Structures are given as structure tokens and as C-alpha cells.
Amino acid sequence: MNSPIPLITNFNTREQTRYLSLLRQSLPNEKIVDGATLSDSEKPKCELAIVANPDKNALASYTSLKWVHSLWAGIEGLLRDTANSGLKIVRLIDPTLAEVMSESVLTWTLFLHRNMHIYAKQQSDRNWQSIAHCLAKNRTVGVLGLGELGKSSALRLADNGFKVLGWSRTQQSIANIGCLSGESGLNTLLKQSHIIICLLPLTKETFHLLNADRLSMPAQSSTLINFSRGAVVDTQALISALNKDKLAYAVLDVFEQEPLPPSSELWMHPKVTVLPHISAPTLPESACEIVAKNIRAYRQDGTLPSYVDITKGY
Ligand code: NDP
């Protein structure tokens, strides 16, 4: 008999019930339990758990855990909370999530490409003025991060006629994408891109990667979309770059502090669109199917799905 698999989350009751029900449907031979209801004597029997923003102390009481499957794609918080524990973290890799993210990326790229940010301002000023049209093939879009989400977004942009550059830690080769890496590759992307899209995980290396120096590299009319993690961008440096006309506009879905505090000047900034972390929400049905598939494979022969490299931080 397999050990029970707890679902350890910060979900509200409705969300928790929904996920429990989907996981039980997908894994009928497993005992999927609500972590909050598991007794202290049962917790040490669990070897794996399914998690979403678990409380650090709640997770620590599962003393025999070998690995956890996150319901999220971004796992920097979980990595921080489980540092030095030896626990392996499997993150969500979901093609549907990549499709949703690439749709968001395309939506907001088109918004900026067709100058909607400028026309919205003109409307509020009752200003009737057209801007010279730029063909997509003459618009360079730079995608920072060419992973599960970055690659599919870059390809979707290329399919829609944009000239696309992409930047990653290791050098990649992707048809129709100008792949770059390293410091000089980053500089090239920042200098050449009219629209810069951030899809990098938050790690020690990417924290405040887009700082004052780097935010002064793009052309003045360039714009930024950050859909990965707020702290990849230095918020104060971004506000300063926007105020000093070094950057024309920013579409932000993620912030250094979430929810964005009411006191944040980003809310009312005339050159910022604030979104409440919705560019690619986890889709419960597809996420649970993927988690179930990985757990079934593990039960078959003990092979762990590919897990997060702690040294890289993603
Ligand atoms: P992946 O791990 O698949 O890809 C990460 C990419 O970033 C890789 O191309 C990697 O390079 C590159 N990278 C990492 N570190 C560096 C570095 N120091 N320098 C240059 N490139 C680097 O991540 P995903 O695409 O799945 O997800 C990206 C992030 O999106 C998540 O970490 C999460 O924070 C965020 N996210 C946001 C959501 C939202 O709704 N706003 C929803 C889901 C995720 P290489 O290819 O060489 O390894």
C-alpha cells in the first residue's frame, strides 16, 4: 500500500476541495489527502506531497518527504523555504500554461506594437493624432528567458511576423529566433529590442537583473513587459527610467510585493499598466493531469520526474 499523498497549500476551502477532487479522479489508486487534516502520526509516513505555496512549518512536519510536486511553474519561494533540506522539487511544466502565457505575451506585444499605450493617453487628452505605422517585421521583440514559457512565446511572436531575439543562460538554437546568451547577448537584446519581454525565473543571478544601467540601454521609445517575477526588475530603477523618458512604457503582471500595495506609485503611473498576476494562471484540470502522470510514472519504477536544479535555482 502506497503512503498517502497530502495536498499542502494555502488555498481557500473551495480551491482545496476542487484540487482534491481533480487529483482523486486522476489518481484513483492513490490516497490523496488534505494536508491540513492529516494527523501528526501520519505525516512522517508520506514520501511525496503535492504543494502550492505551502507554509514552511507545515512542510517541515513531513519528516520523510523525498520530493514534492509543485502546482506552480515558479518555485523560488519553495526553494528558499526548503533550502538545505535535500527535498527534491518537481515544478509544473504544462504545455497549456505555455499556450496561455504566449497568448498573454502576444496580446500585450500587439497592444504596444500598435501604440495603444500612446493612443489611450491621447484619448484622455482629447488629442486626435495618428502615429506612423510600423510593420511587425520591422519591430524587434526581445524575450528574456527561452524556457517552457519563453520559447513558446518567442515562437508565437515570430509566427505573427515580429523579428524576435531571445536570451538564455545557455546558448540555444531555435528556428526564426535570434538566440543570444551571456552579458554581450543581453546588451545586444536590450539595445535592439523595441519591446522587451521578461520570462526569466527569479534566482540569485536574475534578481534585479534589469537595473538602472540595463534599463538605460534600450532606445527611448522601447517598452517592457514583465510576466515572470517582479524582483527580476529593480522597481525603483524602472520608475526612474520611465520618469526620465529612458523607457516609454511598462506592462507589469508581477511585482516585488504582491498584492501590489495600495501605496505603490505604479498603480497611478501614467506609463504603467498594472495586472494582478494573471498572465498565465495554473489551470487546475491540466495541472492535475500532469501531476498525476508524473506520480503514476514514479510509482511504476521509482523514477522521479525531472526536478529543479538547486544550484541553478530553477
Ligand atoms: P524555465 O525554467 O523553463 O526557463 C527559464 C529560462 O530562463 C531558460 O531559458 C533559462 O536559460 C533562462 N535563464 C535562467 N536563468 C538565467 C540567467 N541567469 N541568465 C540568462 N537566462 C537565464 O521557466 P519557465 O519558462 O517555465 O518559467 C519562467 C518563469 O515564469 C517562472 O520561473 C515563473 O517565475 C514565471 N511564471 C509566471 C506566471 C505568471 O502568471 N505571471 C505563470 C507561470 C510562471 P537556459 O535555457 O539556458 O536554462
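These lines cover the structure that appears in this document, whether it is placed above or below.

What counts, and at which threshold
Residues numbered from 1 in each chain as written. Predicted model: local features only at pLDDT ≥ 70, side-chain atom pairs only at ≥ 80, totals over all residues. Heavy atoms only, no water. 1 Å grid on protein atoms, 1.4 Å probe; cavity = no way out; pocket = protein on both sides within 12 Å on 5 of 7 lines; lining within 4 Å. Points joined across faces, edges and corners; volume = space filled by probe spheres on them. Helix = DSSP H or I, 4+ residues; strand = E, 2+ residues; numbered from the N terminus. Nonpolar A, V, L, I, M, F, W, Y, C, P; charged D, E, K, R; others polar. Salt bridge = Lys/Arg side-chain N within 4 Å of Asp/Glu carboxyl O. Buried < 20%, exposed > 50% of the residue type's maximum accessible area, 1.4 Å probe, protein only. Contact = heavy atoms within 4.5 Å. Near = heavy atom within 4 Å. Polar contact = N/O pair within 3.5 Å; in protein donor to acceptor, adjacent residues only side chain to side chain. Areas by Shrake-Rupley, 256 points an atom, 1.4 Å probe, with all protein chains shown as cover. Pairing = 2+ DSSP bridges. Axes fitted to C-alpha atoms, helices over the stretch in contact; angles between N-to-C directions.

1. Let's talk about the layout of surface pockets
To locate leftover empty space, one rolls a probe as large as a water molecule over the atoms.
Consideration 1: Here the second largest pocket defines a volume of roughly 460 Å³.
Consideration 2: Along the wall of the second largest pocket there are 17 residues; nearest its centre are E76, L79, R80, K204 and G313.
Consideration 3: If one sorts the elements of the lining of the second largest pocket by residue count, helix α3 (residues 76–81) sits on top with four residues.
Consideration 4: The residue makeup of the lining of the second largest pocket, split by class, is six nonpolar, six polar and five charged.

2. Thoughts on the pattern of salt bridges
Consideration 1: This model, assessed by the stated rule, comprises 10 salt bridges.
Consideration 2: D40 is the partner of K43 in a salt bridge, and the nearest nitrogen-oxygen pair spans 3.7 Å.
Consideration 3: Between R80 and D81 there is a salt bridge, with the nearest N and O atoms lying 3.6 Å from each other.
Consideration 4: The exposure class assigned to D81 is partly exposed, which follows from its relative accessible area of 27%.
Consideration 5: If you follow the salt bridges from partner to partner, you end up with E30, E47, K66 and R299 in one network.

3. What to know about helix α7 (residues 182–192)
Consideration 1: Those residues of α7 that fall on the buried side of the exposure criterion are G185, L186, N187, L189 and L190.
Consideration 2: Next to the buried residues of α7 lie β6 (140–144), β7 (163–168), β8 (177–181), β9 (195–198) and α8 (212–215).

4. Some points on the site of the ligand
Consideration 1: Around the ligand there are 29 residues in total, and R91, L149, T170, Q172 and Y314 lie nearest to it.
Consideration 2: The separation between an oxygen atom of the ligand and a polar side-chain atom of R91 is 2.8 Å.
Consideration 3: Bound to the protein, the ligand loses 92% of the 940 Å² it would expose on its own.
Consideration 4: Those elements that place two or more of their residues in the shell around the ligand are α6 (148–159) and β7.
Consideration 5: Examining the composition of the shell around the ligand, we find that three residues originate from one element, α6, more than from any other.
Consideration 6: Its residues assigned to classes, the shell around the ligand comprises 12 nonpolar, 11 polar and six charged.

5. Quick word on the sheet that holds strand β2 (residues 32–34)
Note on sheets: strands pair through backbone hydrogen bonds, and any given pair is parallel or antiparallel.
Consideration 1: With parallel pairing, five strands are arranged side by side in an open sheet as β2-β1-β3-β4-β5. The strands lining the two open edges of the sheet, one partner per strand, are β2 and β5 (88–90). For this sheet, the mean inter-axis angle between neighbouring strands, taken without regard to orientation, is 30°.
Consideration 2: Relative to strand β3 (residues 48–52), strand β1 (residues 5–9) runs parallel, the two sharing three bridges. Across the sheet, the residue bridging to T9 is A52, located in β3.
Consideration 3: Helix-sheet contacts for helix α1 (residues 13–26) involve β1, β2 and β3, and the interaxial angle to β2 is about 170°.

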